[in-house]
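Coordinate inspection notes
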Amino acid sequence: MPTFKLDGKEIAFEKGETIIKAAYKQGVEIPHYCWHPGLSVAANCRMCLVEIEPAANQRAMMLDVLVWDAQKKDYVVSKKPKLQPACQMAAAEGMVVKSETSEHVALARKNVQEFLLLNHPVDCPICDQSGECKLQDYYMSEQATPKRMRDEPNHKPKGQVFGPTIVYDAERCIACTRCIRVCEEVIGDPMLDMRERGNLYEIITSPGRQLEGHYTMMTEWVCPVGALTTSHWRHKGRVWLLKGTQSVCPGCATGCNMWVDADARENTAFRNRPRDNEAVNQYWMCDDGMLTYERVYKHRVTTAKIDGEREATAKAIEEASTIVASKGGLAVVLSAQRSVEENMVAVAIAKAAGADLYLTGKASWDGDKILRNADQNPNRAGALKAAGVESLPSVADLVKKSSSYANILVLGEDADVEDLGDLKGKKVVVLATHETSSSWLSVANVVIPIAVWAETDGTFVNAKGMAQAFKRALAPRGEVIPAWEALAKIARQAGHDTGYTKLAEVRAAAAAKGIEAPALKKQDGVAPATGTPQSTV
Amino acid sequence: MAAGTIVIKKPRRTAADQSFVVEIVKGLGVTFKHFFKGLNQMRPGGVRPDVTKFNYEEGIATLQYPEEKKPYARRFRGVHRLTLRPNGDVRCTACLMCSTACPAQCIWIKPAEYPVGHASRGHERFPEEFVIDELRCIFCGYCVEACPVDAIRMDTGIHMTALDDRGSFIFDKKKLMSHVSQDGDQLTANSRPEPGDAEHSGITRLKGH
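Every chain's residues receive numbers from 1 upward, in the order its sequence appears when written. Whichever chain is written first becomes A and whichever ligand is written first becomes 1, with later ones labelled in order. Note on the predicted model: pLDDT of at least 70 is required for a residue's local features to be given, and 80 or more for side-chain atom pairs to be given and counted; whole-chain, interface and lining totals, by contrast, use all residues.

**A word on the confidence of the model for chain B**
Residues and elements named next belong to chain B. Note: pLDDT gives the predictor's confidence per residue, expressed from 0 to 100. The predicted model of chain B averages 88 in pLDDT, with 98% of residues at 70 or higher. Within chain B, no element has a lower average pLDDT than helix H1 (residues 15-19), which sits at 87, and none a higher one than helix H4 (residues 142-146), at 97. Both confidence scores are given for the complex: pTM 0.86, ipTM 0.83. The helix and strand labels rest on DSSP assignments: H or I over at least four residues marks a helix, E over at least two residues marks a strand, and numbering proceeds from the N terminus.

This is the structure in structure tokens:
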């Protein structure tokens, strides 16, 4: 692989790659605003200028400049090398690039930074980007001088509603056009554009349009400053109070990698952010995926119930174990919504009790060719692998064969059929996370509250067959316990010991079946800011 | 006797000294002088020295606490108050700097935005709820230092004493906004015009630059 030198460090690159991209892949950041690894090159912010030493047989391109001479108290003629944008300059074998080590680059960055902040409102205290803002980061690292302009800065519209999810603040915008490029290149729908120029530039929605669709929140995600904010996170809190946890989106079978940002003091998740993974979601996520954090607190089942009456979780588990142990035929319904570990324990119960396996999940939704898989369930492949079969009968099949079972154990409340009325009169144990109208809860005798994906460690296997682990971001709320633990307790009390007492044991058993997710790299708990080089897993 | 030696005569006690009567009367005289002076100052309409200058001025130093209280120094950190804008809105922008800086974690704020059509819509962000747990507060003043807009102050001169129950120590936004400073002031010293305010310079592009 060819290499070039960046500040004395050898950087390997592929043919045709730009300097900034090659450095980014190695985890070296060259300051930038408009460049994004997943977007085309615009080269308009001029922040990534670097000094490139001329090749041996060439002269350096020099510019005549005036430099202030403090001794003569006058400007004197001087020369300086012409700097090149690292985002647009293709890397070449043996190239010598100076970024942090060049005084000309440092001066250029300082001046670019000063220009960008000229009309900036500096309303950091009320800006939601504050704490992960590139203007703040580079002010501290590259500029750190007070403002020199004494005039009133330009004023532009604030709090403009672009669509159901995005609010725009024109004063904070630095016109990097990342959001416009996301619309054109990732979403494939040019909903945003720019008007005016100079100091008066503004991002606008295309005439007669608003920012809508399934990927609007990606415009906010790529915004390096606080110009675009989501209506969901806007004015909700501060980023430095959140802690990011590596997770996987439970929204569909694509299994986008993401961070769940949670505030430990309130034990609530506040937002999701895409986690770069070239093999799965690259840098993006859909709006529904970005909002899955709401599942942590919306419509949760937090207490156990026996025949509609509130009960202690331990009592409900006892009742469930009697149902599982009683005669009359047992059906165990696995869930494509639940993790591999939880399905593994359910399969172990079925095996010990001689029960038949079925598979439930959410009904399919509108998929697309970008990220959204038509299958809304994050772990259909994993549930089948845990059962060790190619396919499993559905809930509709269970309804047809309902006469052969007196007892049913269901993992997860989701049902992909509308009406479960035929199953009334059966003894049904449901391990549920959310209150939903048409679901297993309508026929449940025993309801046990279980943890959502963000409240426990686990593994999802996506549609491509990739096993991906996720970590616990929050403590379980209410009387909720992890589903694998609830199932293991039910099995033990019913006399079908699965042998599982720890999650590690379930994971080892899953690994023996060939379901093993690559270990998550230890990363800083504090969320990295937008577009910072980070491990691509 | 050697040169330079000073001879001191041994004092002799007189009968008056020996009986102590004169000295007792003199001493009681001083006591009663102060007693009657104080009594004169204490009577209704009597003139007393400024209580803040006890150490420097003559006069009675007794304060009839708790009916009378010594005012605190101007820099005394008392119970918080939330300052107001000229129109009576809370000055706070709910930036959470104070609750971030608070070492006791006693401040809880719920930020919100005035809805479209609201008279105060121009102020971009405001605290829908602002709660301080005064029991947990250690009165360090970091919240005042952290505030970028002079929205929170501790210049009320109120010191926290025992209230009837613990719930009374949880001060909400309404209570904090009702407090006044030692000078009887409620307004902020930083009433910067914001977009939407009448005195704001307006949007540049609408002025036809």
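**A look at the domain arrangement of chain A**
Per the annotation, domain bounds derive from an automatic or database assignment of domains. Here chain A is partitioned into domain 1 (3-116), domain 2 (160-296) and domain 3 (304-512). Of note, the centres of domain 1 of chain A and domain 3 of chain A, computed from C-alpha atoms alone, are 56 Å apart.

**Remarks on the packing of helix H2 (residues 103-116) of chain A against helix H3 (residues 134-143) of chain A**
Residues and elements named next belong to chain A. Here an angle of 0 to 180 degrees is reported between the N-to-C directions of two axes, which are lines fitted to C-alpha atoms, with helices fitted over the stretch in contact. Between H2 and H3, whose axes approach to 9 Å, the crossing angle comes to 140°. By the angle between their axes, H2 is oblique relative to H3. You can see that H2 and H3 cross each other, and the crossing is left-handed. Every residue of H3 that contacts H2 at Arg-109, Lys-110, Gln-113, Glu-114 and Leu-116 is listed here: Leu-135, Tyr-138, Tyr-139, Glu-142 and Gln-143. In terms of residue class, the contact of H2 with H3 is made up of four nonpolar, two polar and four charged. Here is the rule for angles: anything less than 35 degrees is roughly parallel, anything more than 145 is roughly antiparallel, 65 through 115 is roughly perpendicular, and the remaining ranges are oblique. Working rule for handedness: look at the near helix, and if it is turned counterclockwise from the far one by less than a right angle, call the crossing left-handed; if clockwise, right-handed. Two residues qualify as being in contact provided that their C-beta atoms, derived from the backbone, are within 7 Å of each other. Residues are sorted three ways: Asp, Glu, Lys and Arg are charged, Ala, Val, Leu, Ile, Met, Phe, Trp, Tyr, Cys and Pro are nonpolar, and all the rest, Gly among them, are polar.

**With respect to the sheet that holds strand E14 (residues 257-263) of chain A**
Residues and elements named next belong to chain A. Note: two strands are recorded as paired if DSSP finds a minimum of 2 bridges between them. Read from one edge to the other, the open sheet built from three strands follows the order E13-E14-E15, with strand pairing classed as antiparallel. Of all the strands in the sheet, the pair left with one neighbour each is strand E13 (243-248) and strand E15 (268-274). Looking at each pair of strands side by side, their axes are set apart by 30° on average, direction ignored. Here six bridges tie E13 to E14, and the two strands are oriented antiparallel to one another. In the strand pairing of E14, Gln-246 is matched with Trp-259.

**Looking at the environment of A:Glu29**
Residue and element names in this part refer to chain A. Along the chain, Glu-29 turns up in the loop between helix H1 (19-25) and strand E3 (49-52). With 17 C-beta atoms packed within 10 Å, Glu-29 lands in the partly exposed category. A sequence separation of 70 residues divides Glu-29 from Ser-99, and the C-alpha atoms of the two residues are 9.8 Å apart. Counting other C-beta atoms within 10 Å of a residue's own tells you its class, since 20 or more makes it buried, 12 or fewer makes it exposed, and anything in between is partly exposed; those C-beta atoms are placed from the backbone.

**A word on helix H7 (residues 313-325) of chain A**
Spanning 13 residues, H7(A) covers 18 Å between terminal C-alpha atoms, matching the ideal 18 Å at 1.5 Å per step. Buried residues of H7(A): A:Thr313, A:Ala316, A:Ile317, A:Glu319, A:Ala320, A:Ser321, A:Ile323 and A:Val324, and no others. How far a helix is expected to stretch is found by multiplying one less than its residue total by 1.5 Å.

**Structural notes on the sheet that holds strand E5 (residues 170-171) of chain B**
Residues and elements named next belong to chain B. Spatial ordering of the open sheet is given by E2-E3-E5, a layout of three strands whose pairing is antiparallel. Strands with a single pairing partner mark the edges of an open sheet, and in this sheet they are strand E2 (107-112) and E5. Sheet topology note: the strand E3 (residues 126-133)/E5 ladder contains two bridges and is antiparallel. When the sheet's bridge partners are listed, Asp-133 is paired in E5 with Ile-170.

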